[in-house]
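# Chains, contacts and geometry: an overview
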Amino acid sequence: GYCFGAVHPLHRGHGVGSHLLNWAHGTVAAAGSKAPEGAQVVVQAGVESEDTAGAELMESLDMSPRRSFFDMEIDLTSPVQAPLFPAGLVMRPIRDGEERALYTAVLEAFEDHYGHVDRPFDEGFARFQHRMNMSGFDPSVWWVAVDGDEIAGMNLCMSSHEGDPRFAWCDNLGIRRPWRRQGLALAMLVYSFGVFAERGHTRMGLGVDATSLTGATALYEKAGMHVSRQATLYQKVLREGESLMRETLD
């Protein structure tokens, strides 16, 4: 289970955060009964790097730092790189009726990401479709790179972030294994920079595992992005067992 929350500055120091996290621990522990027999059950929560009080709270509840994550950004008011796509690959927005094929490609592309857990296809696809029905969804910035009839990679973006209509956000950038190590991810990313810049956006960002198993952080730096925010993921094991999360590429 993953916890995400915040306490208003006026109410900090009164035990609100401890109460919320203890409640979350209990909720995750109860939901853990639905996990497969013998599977490990954990609760996780993120704390921004400058939030020392939040880090102390996590440690007081026996939560340990597990991993770091970055938000990275690029200034779109300066010239951006021109994309160079591998031969035979074409980038375009998704098309009607392509949702199931796209979700299947997303599953394959992200199975190598830290924390990935397999889930029933229909359950995950329903959540994926829900994202496409949310307010603000813009299919023109959900791009796929295709090799003939095959989806080789995807760059699923949003035209605004944190209430800023000029702040574009890359929600999912992934490449399926057969098309990796050809420069496709870099090409797809800088392509999106150019489109959003033309639309008048002033910056674009994304979130990334600081020690990504697939080397994503180095890729984003190569594209000209820089770290704008850092957070630490804390974890507590609620039930011992076999971890179902992806933690290595082995």
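Just above, that's the structure.
Now for a description of the structure that goes with this document.

## Some remarks on the pairing of strand β2 (residues 41-48)
Of all eight residues making up β2, six are buried, and the element is well covered by its neighbours. With eight bridges connecting them, β2 and strand β9 (residues 226-239) associate as antiparallel partners. Each bridged residue has a counterpart across the sheet, and for V43 the counterpart in β9 is K236.

## Focus on the side chain of N172
Relative to the assigned elements, N172 resides in strand β7 (residues 167-175). A polar atom in the side chain of N172 sits 3.0 Å from the side chain of R131. Setting aside anything within four residues of it in sequence, one finds N172 in contact with F110, R131, M154, N155 and L156.

## Remarks on the packing of helix α3 (residues 99-110) against helix α4 (residues 121-132)
Viewed as axis vectors pointing N to C, α3 and α4 meet at an angle of 115°, and their least axial separation amounts to 10 Å. Comparing their axes, α4 and α3 come out roughly perpendicular. Read as a crossing pair, α3 and α4 show a hand that is right-handed. Along its contact with α3, which presents E99, R100, L102, Y103, T104, V106 and L107, the element α4 presents F121, D122, G124, F125, F128 and M132. Class assignment of the residues belonging to the contact of α3 with α4 gives a composition of eight nonpolar, two polar and three charged.

## Focus: the environment of R180
Tracing the chain through its elements places R180 in the loop between β7 and α5 (184-198). Judged by relative accessible area, R180 falls into the partly exposed class, the value being 22%. Spatially, the C-alpha atoms of R180 and A109 are 9.7 Å apart, while their sequence positions differ by 71 residues. Only 3.1 Å separates the side chain of R180 from the backbone oxygen of A109, close enough to count as a polar contact. A polar contact is formed between the side chain of R180 and the backbone oxygen of I175, at a distance of 2.8 Å.

## Some remarks on unusual backbone geometry
Although it is not a glycine, D62 sits at a positive phi angle of roughly 65°. Relative to the assigned elements, D62 resides in the loop between α2 (52-60) and β3 (64-75). One non-glycine residue with positive phi stands out, namely R181, at about 65°. By the element assignment, R181 lies in the loop between β7 and α5.

## A look at the state of the cysteines
Put plainly, two cysteines are in a disulfide when a covalent bond ties their sulfur atoms together. In total, this model carries zero disulfides according to the counting rule given. In this structure C157 is not part of a disulfide, and its nearest cysteine sulfur, from C170, lies 4.6 Å away. You can call C170 buried: its relative accessible area is 5%.

## Here's the deal with the packing of aromatic side chains
Centre-to-centre distance and the angle between the planes together describe a pair of aromatic rings. Tallied over the entire structure, the rule returns 10 aromatic pairs. Centre to centre, the rings of F121 and F125 are 5.9 Å apart; their planes meet at 25°, and the pair counts as stacked. Placement of both F121 and F125 in helix α4 is noted, with a separation of four residues, approximately one turn of the helix. With relative accessibility at 27%, the residue F121 sits in the partly exposed group. Judged by centre distance (5.7 Å) and plane angle (90°), the rings of W143 and Y191 are edge-to-face. Taken together, the residues span a long stretch of sequence, with W143 in strand β5 (residues 142-147) and Y191 in helix α5 at a distance of 48 residues. For W143, a relative accessible area of 2% gives the class buried. On the basis of relative accessibility, which here comes to 27%, the residue Y191 falls in the partly exposed class. Feature note: the residues Y103, F121, F125, F128, F137 and W142 constitute an aromatic cluster, connected by ring pairs. One residue, R203, lies across the ring of F167, its end atom 3.7 Å from the ring centre.

The rules behind each value
- Residues numbered from 1 in each chain as written.
- Predicted model: local features only at pLDDT ≥ 70, side-chain atom pairs only at ≥ 80, totals over all residues.
- Heavy atoms only, no water.
- Buried < 20%, exposed > 50% of the residue type's maximum accessible area, 1.4 Å probe, protein only.
- Helix = DSSP H or I, 4+ residues; strand = E, 2+ residues; numbered from the N terminus.
- Pairing = 2+ DSSP bridges.
- Polar contact = N/O pair within 3.5 Å; in protein donor to acceptor, adjacent residues only side chain to side chain.
- Contact = heavy atoms within 4.5 Å.
- Axes fitted to C-alpha atoms, helices over the stretch in contact; angles between N-to-C directions.
- Parallel < 35°, antiparallel > 145°, perpendicular 65-115°, else oblique.
- Left-handed = near helix turned anticlockwise from the far one by under 90°.
- Nonpolar A, V, L, I, M, F, W, Y, C, P; charged D, E, K, R; others polar.
- Disulfide = S-S within 2.5 Å.
- Phe/Tyr/Trp six-rings, centres within 6.5 Å; stacked < 30°, edge-to-face > 60°.
- Lys NZ or Arg CZ within 6 Å of the ring centre and 35° of its normal.

Keep in mind these numbers describe shape, not what the thing actually does.
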